[in-house]
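The primary structure of each chain is shown beneath.
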Amino acid sequence: MKAVVFEDVRRLTVSDVPEPAIEDPADAIVRVTTSAICGSDLHFYSGKAPLSPGDTIGHEGVGVVEQTGPGVERFKPGDRVVIAFDIVCGHCWFCRRGQTALCDEFRNLGAGPFGGSLGGTQAELVRVPYADSNLMAIPPGLEDERALFVGDILTTGYYGAAISGIQPGDTVAVVGAGPVGFFCAQAARLLGAKEVLALDMEPDRLAIAEKIGAVPINVKERNPEMAVAERTEGRGADVVIEAVGSTSSFDTATDVVRRGGLVTLVGVFVGESVELHLGSFWLRGLGIRFSGICPIHAWWDKAMDAVMSGAIDPLPIISHRLPLAEAPRGYELFEGHEATKVVLTP
């Protein structure tokens, strides 16, 4: 089968690799009909996180169940499914409490040894362990592209907003209007925010955020603290969701939140560090919440309901649709900020 294969930093190929097989009774093999390039994939592409030559990549995907092991009860060949990006057991102490991202057997599709050496979804076929826990049936009539992101970034955005304690009438600032920030902004509106402010440096991303009702603030052109203050009678945002994963975006988030407000960190942090002036945080009464990896399985039902009702629309974020064979070009576009989201089809 064909799959996107990591060869070296910023060097990918679409190559023939062995087809996956059932290795455990709880496995399913899914024929991928649509996948996508995620910002997290760029961490591996750029060398920020490790992959080994020959590893396949990708963790967002939907498809059709091709084969199931004898232990799979909820799915059968022919079922259309969303694939969870993170593979969990579904029965450990953490999974039973809905904290699936802390699962004793946590693994990540397409993340090489770092993720448990599972194959990636940017491929024609993928093996999904613990299929009953890590697949979700796609509601009848729902297109691939509307279902696709429920397995990762759409649910992550919903989760990031949901754990932020948004109250009716709140002003919510989202730092970073990329794919995750885009879904955080939609979810914040759904959860009762009076106004959502989208802070970014890319005009294209800000234009998309504006289309879904957020107020765009270009931080290249305006001081973000002053811009947010102007929208909040000088106070700052009640809730700030950081959706980038950089020290500069963390600084922006803590600058624009009001006294007594909450900053939720949804962006992926790996090796970054900052020096905190604890007295300043203490005096301002700030709340800082780390989302961690999204426990997709505890939240994807609610996220899918929001898609089905039309409250969250994933389609505006898609800028490019490419065949799998052109995936390397998709990575170049995404890393160069020429694409907001790249979708791949076999």
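Preceding block: the structure.
Description of the structure in this document. Please read all numbers here as calculations on a predicted model, not as lab measurements. The residue count restarts for each chain, going from 1 along the sequence in the order it is written. Given that this is a predicted model, residues contribute local features only at a pLDDT of at least 70 and side-chain atom pairs are listed and counted only at 80 or more, while totals for whole chains, interfaces and linings are drawn from all residues. Side-chain numbers here rest on the full set of heavy atoms in the structure, without hydrogens or water.

**Description of the pairing of strand 12 (residues 215-218)**
Alright, step 1. By definition, two strands form a pair when at least two bridges between them are found by DSSP. Segments assigned H or I by DSSP are reported as helices when at least four residues long, segments assigned E as strands when at least two residues long, and all are numbered from the N terminus. Relative to strand 12, strand 11 (residues 195-200) runs parallel, the two being bridged by four bridges. Bridging from a neighbouring strand, Asp200 pairs with Asn218 of strand 12.

**Some remarks on the sheet that holds strand 13 (residues 237-242)**
Alright, step 1. In spatial order, the strands read 12-11-10-13-14-15; together these six strands make up an open sheet with parallel pairing. The two strands at the open ends of the sheet, each matched to only one other strand, are strand 12 and strand 15 (287-290). Averaged over all adjacent pairs, the angle separating strand axes in this sheet is 20°, with direction ignored.
Alright, step 2. Inspection of the sheet shows strand 14 (residues 257-265) paired to strand 15 by four bridges, in the parallel sense. Paired with Leu262 across the two strands is Gly287, which belongs to strand 15.
Alright, step 3. The sheet contacts of helix 6 (residues 179-190) involve strand 10 (171-175), strand 11 and strand 13, and relative to strand 10 the element is tilted by about 170°.
Alright, step 4. When checking whether two residues touch, look at their non-hydrogen atoms; a contact exists if any pair is within 4.5 Å. Only the stretch in contact is used when a helix axis is fitted, and all axes are lines through C-alpha atoms; the angle between N-to-C directions ranges over 0 to 180 degrees. Contacts from helix 8 (residues 224-231) reach strand 11, strand 12 and strand 13 within the one sheet, and its direction differs from that of strand 11 by about 165°.

**Side note on the pairing of strand 1 (residues 2-8)**
Alright, step 1. By the bridge criterion, six bridges tie strand 1 to strand 2 (residues 11-16) in an arrangement that is antiparallel. Bridge pairing links Phe6 to Leu12 in strand 2.
Alright, step 2. The hairpin turn running from strand 1 into strand 2, its antiparallel successor, is two residues long, and Arg10 in that turn takes a positive phi close to 60°.

**Examining the packing of helix 8 against helix 9 (residues 247-256)**
The relative placement of two packed helices comes down to the angle between their axes together with the axis-to-axis distance.
Alright, step 1. In contact at an axis separation of 9 Å, helix 8 and helix 9 are set at 35° when each is read in the N-to-C sense. The element helix 8 and its partner helix 9 pack so that their crossing is right-handed. Between helix 8 and helix 9, the contacting residues are Pro224, Glu225 and Val228 on the first element and Thr252, Asp255 and Val256 on the second.
Alright, step 2. Residues are grouped as follows: Ala, Val, Leu, Ile, Met, Phe, Trp, Tyr, Cys and Pro are nonpolar; Asp, Glu, Lys and Arg are charged; all remaining types, including Gly, are polar. Its residues assigned to classes, the contact of helix 8 with helix 9 shows three nonpolar, one polar and two charged. Rotating anticlockwise by less than a right angle from the far helix to the near helix defines a left-handed crossing, while the corresponding clockwise rotation defines a right-handed one.

**Some points on the nonpolar core**
Alright, step 1. Nonpolar cores were defined as sets of buried Ala, Val, Leu, Ile, Met, Phe, Trp, Tyr and Cys residues, with membership established by side-chain atoms within 4.5 Å. A 1.4 Å probe rolled over the protein chains alone gives each residue an accessible area, and that area as a share of the maximum for its type sets the label: buried under 20%, exposed over 50%, partly exposed in between. Counting residues in hydrophobic clusters, the biggest one holds 54 residues, and the most contacted among them are Val82, Phe149, Val150, Leu154, Val172 and Phe183.
Alright, step 2. For this core, the secondary structure elements donating two or more residues are helix 5 (153-162), strand 10, helix 6, strand 11, helix 7 (203-211), strand 13 and helix 11 (296-309).
Alright, step 3. Once residues lying within four places of it in the same chain are set aside, the contact partners of Val172 are Ile166, Ala188, Ala193, Glu195, Val196, Leu197, Val239 and Ile241.
Alright, step 4. Listed in part, the 20 residues of the second largest apolar core include Leu42, Ala49, Leu324 and Phe334.

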